[in-house]
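Results of the structural survey
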Amino acid sequence: MALTKPRVAIIGGGFSGLTIAYTLQKYGIASVVYEAQDEVGGLASSFTMHGTTLDKFYHHWFTSDAEVLQLVSELGMSAKLSTQATRTGMYYAHNFYKLSSPIDLLRYKPLAILDRIRLGLLYLKASKVQDWGRLESIRAKDWLIAMGGINVYQKVWEPLLKGKFGSYADEISAVWIWNKLKLRGGSRGKKGQEQLMYLEGGFATVAMQIEKQLTLQGSKVLCGQEILSLTPKDTGWQLTTKESSNFYDVVIATCALPEFSNIINKFASESYLASLNAIPYLANVCLILELNQPLSDLYWINVADPSFPFVGIIEHTNFINKGAYNNRHLVYLSRYLEHTNEIYNYDNKALLSFALPHIRSMFPKFDQSTILQSYSWKARYAQPIVTKHYSSLIPSTKTPYKNLYLCSMAQIYPEDRGTNYAIREGRQLAEQLKAQGVFSF
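Here goes a summary of the coordinates provided. (Residues numbered from 1 in each chain as written. Predicted model: local features only at pLDDT ≥ 70, side-chain atom pairs only at ≥ 80, totals over all residues. Heavy atoms only, no water.)

Observations regarding the sheet that holds strand S2 (residues 32–35)
In spatial order, the strands read S10-S2-S1-S14-S20; together these five strands make up an open sheet with parallel pairing. Taken across any chain shown, the strands that pair with only one partner, and hence form the sheet edges, are strand S10 (220–223) and strand S20 (404–406). For this sheet the average axis-to-axis angle between neighbouring strands, irrespective of direction, equals 15°. With four bridges connecting them, strand S1 (residues 8–11) and strand S14 (residues 250–253) associate as parallel partners. Among the inter-strand pairings, Val8 is bridged to a residue of S14, identified as Val250. (Pairing = 2+ DSSP bridges. Helix = DSSP H or I, 4+ residues; strand = E, 2+ residues; numbered from the N terminus. Axes fitted to C-alpha atoms, helices over the stretch in contact; angles between N-to-C directions.)

Structural data, given as structure tokens:
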């Protein structure tokens, strides 16, 4: 099928942008995807370690991620998917507790038996909430206390919220935590254990396969192309990078809202720019350790200890067999933080030096000599802050300017950001614009 006009530019080569281009291509509409980084994938991009592709930031999919499953099937990659029951836990008061199943919950010693029951009932009650709109005016803190009691909140939820959101912890909406509980509850096996999925080669291989399909059929994906400006011209848009300046009839931006604001600030109204900057974001730094011995026997450890500077310890090779990585053990340590925090600017050596004493305090038997290599990555716009009445802050996909559209992770709601929803939002926007005749030039 020959691809046709109009000239369409998509800003951002993450899963939203790539899915938009992929969907439009099905309708015979070519596009040009501009990605500022050197490769596609966005927060799901990868790097090469000893000839093996590995995610820069830890990832998994849930068995309920229907959009992911459909796309992977269309791309002929389903055989590369594996589903595993995971071993998760919590670090609290200098002890590790397994929390993979309902039975583990009943054995969680930091809580009195009655509070363990309250915690279990909280999950059950959350799964039955259908009208999330009534949660928009409630803080997560207040909702969790009302649902499970003050002891459960202080010993489970408060340290986790503060570990992830820092100074924003008390502002987070009940909608955000409700969705997290619902999502985890919907990805469990018959015995109650959480079931998660992973793709051989990492999630960036899906993005690369989409890129390949786009290129083979006449669209373009241009990496290393930071947008300098976007300017109204005639009935369309002049898009300028360091390398070129091109005219497009339609432009769809999938970057973070503040980045979009910077791109259009020369012509957009002050009120619209203010709306784009109304949602704050946290950054993320991720340290990856390549070890010759395991750190623990758990896949995911939620850290409920404010003295430990990482909110999660994810031992990837307790999920995917270490044989896929030359028998090396791989551990991710993740921290969300404000980009003004000095840790955000640490290089790999400095971040490792910062982390080591904290790792030793948590794992007294840990020996630094087991580290074969370390890697670190950072993302400036990693987590939108979902506050009360968040829906009123979300900008429309249709901007005030003709043939300029927006599809960013901050617009995913009531769900939190994630590959599955990025795919959904990208596909839906492309289909809606096609149905509305936006591409009928």
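More follows now that the structure is in view.
A short note on helix H11 (residues 348–362)
Along its 15 residues, H11 runs 21 Å from first to last C-alpha, staying within 8% of the 21 Å computed at 1.5 Å per residue. At Leu356, H11 shows its maximal bend, which comes to roughly 30°, and the proline Pro357 appears one to four places after that position. For H11, the full list of buried residues reads Leu351, Leu352, Ala355, Leu356, Ile359 and Met362. (Expected span 1.5 Å × (residues − 1). Bend = angle between axes of the 7 residues up to and from the residue. Buried < 20%, exposed > 50% of the residue type's maximum accessible area, 1.4 Å probe, protein only.)

Structural notes on the packing of aromatic side chains
All chains considered together, the criterion is met by 24 aromatic pairs. Between Tyr123 and Trp157, the ring centres sit 6.1 Å apart and the planes meet at 50°, which makes this aromatic pair tilted. Highlighted residues: Tyr123 in helix H4 (residues 113–127) and Trp157 in helix H6 (residues 150–165), separated in sequence by 34 residues. Taking relative accessible area as the criterion, Tyr123 reaches 33% and is therefore assigned partly exposed. Trp157 sits in the buried class, given a relative accessible area of 5%. Judged by centre distance (5.2 Å) and plane angle (80°), the rings of Tyr281 and Tyr381 are edge-to-face. Taken together, the positions of Tyr281 in strand S15 (residues 281–291) and Tyr381 in strand S19 (residues 371–384) put the pair 100 residues apart, joining distant regions of the chain. (Phe/Tyr/Trp six-rings, centres within 6.5 Å; stacked < 30°, edge-to-face > 60°.)

Details of the pattern of salt bridges
All told, the structure shown has 13 salt bridges when counted by the stated rule. Between Arg328 and Glu290 there is a salt bridge; the shortest N-O distance is 2.4 Å. Placement of Arg328 in the loop between strand S17 (312–315) and strand S18 (329–337) and of Glu290 in strand S15 is noted, with a sequence separation of 38 residues between them. Look at Arg328 and you get partly exposed, because its relative accessible area is 25%. Between Arg424 and Glu415 there is a salt bridge; the shortest N-O distance is 3.0 Å. A residue is classified by how much of its surface remains accessible, and Arg424, at 16% relative accessible area, is buried. (Salt bridge = Lys/Arg side-chain N within 4 Å of Asp/Glu carboxyl O.)

Structural notes on the side chain of Ser31
Mapped onto the elements of the fold, Ser31 is located in the loop between helix H1 (15–26) and S2. Residues in contact with Ser31, not counting those within four places in the same chain, are Val8, Ile10, Ala21, Ser219 and Lys220. (Contact = heavy atoms within 4.5 Å.)

Points about the nonpolar core
Of all hydrophobic cores here, the largest spans 131 residues; its most connected members are Trp61, Trp143, Trp157, Phe165, Val206, Phe260 and Ile264. Ignoring anything within four residues of it in the chain, the contact list for Trp61 reads Val68, Val72, Leu81, Leu196, Met197, Leu199, Phe203, Val206 and Thr419. Judged by nonpolar contacts, the second largest core, of 27 residues, contains Phe308, Ile343, Leu351 and Met362. (Core = buried A, V, L, I, M, F, W, Y, C linked by side-chain atoms within 4.5 Å.)

Details of helix H2 (residues 66–74)
Those residues of H2 that fall on the buried side of the exposure criterion are Glu67, Val68, Leu71 and Val72. Buried residues of H2, seen end-on, are gathered within an arc of 125° and therefore sit on one face of the element. Contact partners of the buried residues in H2: H1, strand S5 (61–62), strand S6 (81–85), strand S9 (195–199), helix H8 (204–216) and helix H12 (419–435). Backbone geometry just after H2 places Gly76 at a positive phi near 75°. (Arc of directions from axis to C-beta.)

What about the sheet that holds S15?
With mixed pairing, seven strands are arranged side by side in an open sheet as S8-S7-S16-S17-S18-S15-S19. In this open sheet, the two strands that pair with only one neighbour each are strand S8 (95–98) and S19. Across this sheet, the average inter-strand angle for adjacent strands is 20°, counted without regard to direction. When strand S16 (residues 300–303) meets S17, the two strands line up antiparallel, connected through three bridges. Considered in S17, the bridge of Ile301 is made with Ile313. Across the sheet, H11 is in contact with strand S7 (88–92), S8, S15, S16, S17, S18 and S19; its angle to S19 comes to roughly 100°.

With respect to the state of the cysteines
Summed over all chains, the structure comprises zero disulfides. No disulfide involves Cys407; its nearest neighbouring cysteine sulfur is the one of Cys255, lying 11 Å away. Overall, the relative accessible area of 4% leaves Cys407 in the buried class. (Disulfide = S-S within 2.5 Å.)

Considering the side chain of Ser261
Counting through the fold element by element, Ser261 comes out in helix H9 (residues 257–264). Owing to a relative accessible area of 5%, Ser261 belongs among the buried residues under this scheme. A polar atom in the side chain of Ser261 sits 3.0 Å from the side chain of Asn277. Apart from the residues within four sequence positions on either side, Ser261 is in contact with Leu273, Leu276 and Asn277. (Polar contact = N/O pair within 3.5 Å; in protein donor to acceptor, adjacent residues only side chain to side chain.)

A word on unusual backbone geometry
Residue Pro414 is reached from Tyr413 by a cis peptide bond, and omega for that bond is 15°. On the secondary structure map, Pro414 appears in the loop between S20 and H12. One non-glycine residue, His50, adopts positive backbone phi at about 55°. Mapped onto the fold, His50 is located in the loop between strand S3 (46–49) and strand S4 (52–55). On the basis of relative accessible area, His50 is assigned to the partly exposed category, the value being 47%.

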